[in-house]
Amino acid sequence: MRVLFISNEYPEESGFGGIGTYTSYAAESLVEKKHEVHVICRSVNPNSVSYIQNGVHVHRTALGPYPLPTQKKFYLFRMLCYNFIPESLNRLAWAKSAWNAYEVLFENNYFDIIEYPECGAEGIYFTGKGLPLVVRLHTPWSMARKFNMIHEHPIDCLFQEFLEKTSVKKARAISSPSKSLALILKKRWQLKKVSVYPNPIRLNDYHPSKEKNNYWIYTGRVEHRKGVHLLLEAYEKLLLKRNAPKLYLIGRPYGRYKEGQMYDQYITSIIENYELDKKVIWVKGAEHKQIRAYLKKASAAFFPSIWDNFPYTCLEAMSTGVAVCASNCGGYKEMIEDGENGLLFLPNQVDSLLEKMTFLHDHPRSSRMLGKNAREKVSLFYDTEIVTAESLKFYNEVVC
């Protein structure tokens, strides 16, 4: 089978999110099964380049101009677009660049499957051409923007969702890693069928350690949707009655908070106001290998998202044998059985999170057992060997 992935994100050069992580695992696991895999991804440099990485044919593509008419008579139209749909133009510029790269690289080549994410409508220029298109749901920007309180022009918001919805509905098949997102978008976008199978992770890349440094950890972007402010508020309350372990925040800041305040400023103000600077260590960005090292020595990991799809940060912690505590929303409630291989608390509820934090602090033996069971859950359901078989079944249904 010949498979092409379209993904703005792809490690290492542009592996800054869950879509890039998913694409790399999916692509490399297919190569291990002797399939030919290509990826068209974003180049952070002005030049495009192709090379082979871990058996995957990687085509890094430079970002082109906005897909707008350049003639003088369209000047007013361009000005309106710049003012009313700037974010949509950014998304379309990459989508058009990906399509242009496809035409240059694969004009006469056939792929059995061409997969792209719904977020940002990256495959919009591939639609309507009779290609074997499939969409992988991650979380539409039209949803993520609201959770992160990012303010964009109403016309831009409507147009972005129109593009994302169109790119999904014009594909031959749709898959999602979580039932939660599948149900939301089936209702919201009137989708007929969404196949659900989890995101894969290479379990052997993660190794538990018997020597724990007794600190707690959060990994992922430090943004409003991820609920880091809730974690700090619950942690401060715990410190009033327990000598809790240090808390590491491993992640780059992203997005805004209320009234235009940057979210990292808000998090910094919480740390300062609660005098947590000696207990909270914020590492603003780390390489993947460093994150694995931090996870390996942690005794518990917290993921207090307001909503999330099927986050790799949680999968990585579970794979490392760390006790995970997450909000009972989105994909978390499908990944974690409360009290069996992790703990779940009510979303957006600080006191509910505090209760689970207190349990982990007071019951270290139970914490270790939760971590052990979490790794076992990954080995049974989420390892690349298992998930790749499910994805190939999905692809073969499309091909047939």
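This structure is a prediction, so every number in the text was calculated from the model and none was measured.

Participant: Let's hear about the environment of K372: which residues, and what values?
Facilitator: Looking at where K372 falls in the secondary structure, it is placed in helix α13 (residues 364-381). The spacing of K372 and W307 is 65 residues in sequence and 26 Å in space, taken between C-alpha atoms.

Participant: Tell me about the packing of helix α7 (residues 228-239) against helix α12 (residues 350-362), residues and numbers included.
Facilitator: For the pair α7 and α12, the least separation of the axes is 9 Å and the interaxial angle reads 55°. Comparing their axes, α12 and α7 come out oblique. Crossing angle aside, the handedness with which α7 passes α12 is right-handed. Across the interface between the two elements, L230, L231, E233, A234, Y235, K237 and L238 of α7 pack against V350, D351, L353, L354, M357 and T358 of α12.

Participant: Which residues make up the pairing of strand β13 (residues 323-327), and what are the values?
Facilitator: Counting buried positions over the five residues of β13 gives five, a clear majority of the element. Alternating positions in β13 separate into two faces, A323, C325 and S327 on one and V324 and A326 on the other, with burial throughout. The pairing of strand β12 (residues 298-303) with β13 spans four bridges and is parallel. Among the inter-strand pairings, F303 is bridged to a residue of β13, identified as A326. Since β12 and β13 lie parallel, the crossover through helix α10 (residues 312-319) that links them has a hand, and here it is right-handed. As paired strands, β13 and strand β14 (residues 343-345) are joined by three bridges and run parallel to one another. When the bridges of β14 are listed, A326 appears paired with L344.

Participant: So what's going on with the nonpolar core? Residues and values would help.
Facilitator: In this structure, F5, Y102, W216, L249, I267 and Y395 are the most contacted members of the largest nonpolar core, which totals 116 residues. Per-element tally for this core: the top contributor is α7, with seven residues. Those residues within four positions of L249 in sequence are excluded, and the remaining contacts are Y218, V228, L231, L232, I267, V280, I281, W282 and V283.

Participant: Go over the pairing of strand β6 (residues 133-136), please, and point to the residues and values.
Facilitator: Here β6 shows no split at all, with L133 and V135 on one side and V134 and R136 on the other all buried. Pairing of strand β5 (residues 113-117) with β6, which is carried by four bridges, proceeds in the parallel orientation. Within β6, the position partnered with Y116 by the bridge is V135. Note that β6 and strand β7 (residues 173-176) share three bridges and pair parallel. Bridge pairing in β7 links V135 to I174.

Participant: Explain the sheet that holds β14 residue by residue, including any values.
Facilitator: Pairing between sheet strands relies on hydrogen bonds along the backbone, with the strands arranged either parallel or antiparallel. The strand order β11-β10-β9-β12-β13-β14 describes an open sheet built from six strands, whose pairing is parallel. Each of the sheet's edge strands pairs with one partner strand only, and the pair in question is β11 (280-283) and β14. Neighbour-to-neighbour, the strand axes of the sheet open up by a mean angle of 20°, direction not taken into account. Across the sheet, helix α9 (residues 288-297) lies against β9 (215-219), β10 (247-250), β11 and β12, angled at about 145° from β9, the strand it touches most.

Participant: Explain the packing of aromatic side chains residue by residue, including any values.
Facilitator: Going through the model one piece at a time under the given rule, you end up with 21 aromatic pairs. One aromatic cluster is present, built from ring pairs that chain together W99, Y102, F106, F111 and F126. In this structure, R2 is placed above the aromatic ring of F111, and the distance from its NZ or CZ to the ring centre is 4.5 Å. Lying over the aromatic face of Y254, R221 brings its terminal NZ or CZ to 5.5 Å of the ring centre.

Participant: Explain the sheet that holds strand β3 (residues 49-53) to me, using residue names and the numbers behind them.
Facilitator: Read from one edge to the other, the open sheet built from eight strands follows the order β3-β4-β2-β1-β5-β6-β7-β8, with strand pairing classed as mixed. Either end of the sheet is taken by a strand with one partner, and the two such strands are β3 and β8 (195-196).

Participant: So what's going on with the packing of helix α3 (residues 86-105) against helix α5 (residues 154-169)? Residues and values would help.
Facilitator: As a packed pair, α3 and α5 sit with axes 8 Å apart at the nearest point and diverge in direction by 30°. In this view, α3 runs roughly parallel relative to α5, as classed from their interaxial angle. Residue-level inspection shows P86, E87, S88 and L92 of α3 in contact with α5, the latter providing D156, F159, Q160 and L163. In terms of residue class, the contact of α3 with α5 is built from four nonpolar, two polar and two charged.

Participant: With reference to specific residues and values, describe unusual backbone geometry.
Facilitator: Here P11 and E12 are connected by a cis peptide whose omega angle stands at 0°. Mapped onto the elements of the fold, E12 is located in the loop between β1 (2-7) and α1 (18-32). Here Q190, not a glycine, exhibits a phi torsion of approximately 55°, which is positive. Summarising the element assignment, Q190 is placed in the loop between α6 (179-188) and β8. Classification of Q190 by relative accessible area gives partly exposed; the value is 46%.

Participant: Can you explain the environment of E390? Please cite residues and give values.
Facilitator: In this structure, E390 sits in helix α14 (residues 384-399). Overall, the relative accessible area of 31% leaves E390 in the partly exposed class. E390 sits 193 residues away from Y197 along the chain, and the two C-alpha atoms are 6.8 Å apart. If sequence neighbours within four positions are ignored, E390 has contacts with Y197, P198 and F381.

Participant: Explain a nonpolar patch on the surface to me, using residue names and the numbers behind them.
Facilitator: Taken together, the side chains of Y75, L76, L80, F84 and I155 define a hydrophobic patch exposed on the protein surface, amounting to about 490 Å² of accessible area. F84 sits in the partly exposed class, given a relative accessible area of 31%.

Definitions and limits used
Residues numbered from 1 in each chain as written. Predicted model: local features only at pLDDT ≥ 70, side-chain atom pairs only at ≥ 80, totals over all residues. Heavy atoms only, no water. Helix = DSSP H or I, 4+ residues; strand = E, 2+ residues; numbered from the N terminus. Axes fitted to C-alpha atoms, helices over the stretch in contact; angles between N-to-C directions. Parallel < 35°, antiparallel > 145°, perpendicular 65-115°, else oblique. Left-handed = near helix turned anticlockwise from the far one by under 90°. Contact = heavy atoms within 4.5 Å. Buried < 20%, exposed > 50% of the residue type's maximum accessible area, 1.4 Å probe, protein only. Pairing = 2+ DSSP bridges. Right-handed = clockwise from strand over helix to strand, strands pointing away. Core = buried A, V, L, I, M, F, W, Y, C linked by side-chain atoms within 4.5 Å. Phe/Tyr/Trp six-rings, centres within 6.5 Å; stacked < 30°, edge-to-face > 60°. Lys NZ or Arg CZ within 6 Å of the ring centre and 35° of its normal. Nonpolar A, V, L, I, M, F, W, Y, C, P; charged D, E, K, R; others polar. Patch = residues over 30% accessible without salt bridge, like charges linked within 9 Å, V, L, I, M, F, W, Y side chains within 5 Å. Areas by Shrake-Rupley, 256 points an atom, 1.4 Å probe, with all protein chains shown as cover. Salt bridge = Lys/Arg side-chain N within 4 Å of Asp/Glu carboxyl O.

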